[in-house]
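Structural features, examined
Residues per chain, in single letters:
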Amino acid sequence: GPLEETCLPLFFGWFLCPAFQDKLRSMAKDFLKTLTGLEAFKKHLGDFTGEAEKEVDLEHYFQDQGRLHCTTKFCDHGKAEGSKEYAEQQVVKDRYGSMSELMLSALFLTPRTLGARVSFTEEQLQLWPAGAEKEAAPDADLPPGSRAHVTLGCAEGVEPVQTGLDLLELIQQQQGQEGEQVQDLELGSLAYYGKGAWVLSLRESILAPACFSGFYG
Ligand code: 2AM
């Protein structure tokens, strides 16, 4: 009967611990503040405003997307392809509710999204759905986990799914060319990739405690 069927979440993912969430948010806020003050950023302001001279308040430009997390599988309550198969994997059942430390290796932003790149351990990679990269970038050959991130904010009218797409585009750009190295900041080195895409590669990766779970909404 219907009660025996599993109810699938909107998505599976790692949910950052509340205390760490505040820490990451304030770190991102500081980064945006620093970036806004850089001459190099001012030079490319038009990427964000459409007008060269207009000011931009990045902190309000990116809207908060709620509880910080790293999506593994977007299920759309079962409507998304492969969601049932994903949920039925033994590793997903075994790890459900378990804690892990996610390694954050970079902060990135585009005129659409602000995110943190996540680098998985082999163990964490077991929870990553096959084809996540191919689905978003069919023509690129990117290693599994390339799309992994925490969305920190989206520009008005932009859906959070865009963060992973922006990240994949950035990674492809990084493979093709070096970014224009802009400056060494306290947290790491800042590079510009054109069209409003900025990457801060963290000098020391951040370990984010997180719980693997499902979001039902
Ligand atoms: P995000 O992982 O980049 O933040 C609910 O919408 C969550 O599922 C968000 O966290 C969102 O993006 C993610 N999401 C939405 N649609 C998706 C899709 N088609 N593929 C992967 N993740 C998606």
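In this text the structure is predicted, and so the values were computed from the model without any measurement. Within any chain, residue numbers begin from 1 and follow the written order of that chain's sequence. Thresholds applied to this predicted model are a pLDDT of at least 70 for local features of residues and 80 or more for the giving and counting of side-chain atom pairs; totals over whole chains, interfaces and linings are not thresholded and use all residues. Calculation of side-chain values draws on the structure's entire complement of heavy atoms; hydrogens and water are dropped beforehand.

1. Quick look at the pattern of salt bridges
Pairing between side chains becomes possible if they bear opposite charge and their charged atoms approach one another. Salt bridges are identified by distance alone: a Lys or Arg side-chain nitrogen within 4 Å of an Asp or Glu carboxyl oxygen. If you walk through the whole model with that rule in mind, you get seven salt bridges. Two residues, Lys42 and Glu39, come together in a salt bridge whose shortest N-O distance is 3.7 Å. A residue pair is termed a helical-turn pair when its members lie 3 or 4 positions apart in one helix, as Lys42 and Glu39 do in helix H2 (residues 39-43) at three residues. The classification of residues rests on relative accessible area computed with a 1.4 Å probe and restricted to protein chains. Under 20% of the type maximum is buried, over 50% is exposed, and intermediate values are partly exposed. Classification of Lys42 by relative accessible area gives partly exposed; the value is 40%. Arg95 serves as the salt-bridge partner of Glu123, at 3.9 Å between the closest nitrogen and oxygen. A run of DSSP states H or I qualifies as a helix once it reaches four residues; a run of E qualifies as a strand once it reaches two. Both are numbered from the N-terminal end.

2. Side note on unusual backbone geometry
Positive phi values are uncommon outside glycine, yet Asp76 reaches one of about 50°. Note on Asp76: relative accessible area 23%, which makes it partly exposed. Phi at His77 is positive, roughly 55°, even though this residue is not glycine. Looking at where His77 falls in the secondary structure, it is placed in the loop between strand S2 (69-74) and helix H5 (83-88).

3. So, the state of the cysteines
For this text, the term disulfide refers to a pair of cysteine sulfurs within 2.5 Å. In the structure shown here, the tally under the stated rule is zero disulfides. Here Cys7 stays unpaired: no disulfide links it, and the sulfur of Cys75, its closest cysteine neighbor, is 11 Å away. With no disulfide of its own, Cys17 lies closest to Cys211 among cysteine sulfurs, the gap being 7.5 Å.

4. Overview of helix H9 (residues 161-176)
Helix span, as expected, comes to 1.5 Å for every residue beyond the first. For H9, spanning 16 residues, the distance from its first C-alpha to its last is 24 Å, which sits close to the expected 22 Å at 1.5 Å a residue. The set of residues buried in H9 consists of Thr163, Gly164, Asp166, Leu167, Leu168, Leu170 and Ile171. Only heavy atoms enter the contact rule, under which two residues are in contact if any of them lie within 4.5 Å. At its buried positions, H9 is contacted by strand S3 (99-109), strand S4 (113-119), helix H8 (132-136), strand S5 (149-154) and strand S8 (198-215).

5. Overview of the site of the ligand
Within the structure, the ligand sits among Phe11, His69, Thr71, Phe74, Arg147, His149, Thr151, Pro160 and Val161. Polar contacts, as used here, are pairs of N or O atoms within 3.5 Å; protein pairs need one atom able to donate a hydrogen and one able to accept it. Residues neighboring in sequence count only if both atoms are side-chain atoms. Separating an oxygen atom of the ligand from a side-chain N or O atom of Thr151 is a distance of 2.8 Å. Between Pro160 and the ligand, the recorded distance is 2.7 Å, taken from a backbone N or O atom to an oxygen atom. In this description, accessible areas are obtained by the Shrake-Rupley approach with a 1.4 Å probe, and a residue is regarded as covered only by the protein chains that are shown. When the ligand sits alone it has 460 Å² of accessible area, and the protein chains cover 77% of it. Mapped onto the shell around the ligand, the elements with two or more residues apiece are S2 and S5. The leading source of residues in the shell around the ligand is S2, at three residues. Three classes are used, and their members are as follows: Ala, Val, Leu, Ile, Met, Phe, Trp, Tyr, Cys and Pro are nonpolar, Asp, Glu, Lys and Arg are charged, and the others, Gly among them, are polar. Here the shell around the ligand is composed, by residue class, of four nonpolar, four polar and one charged. Think of it this way: one heavy atom of a residue within 4 Å of a molecule or strand is enough to make that residue near it.

Note that all results are geometric; they support no functional claim without further evidence.
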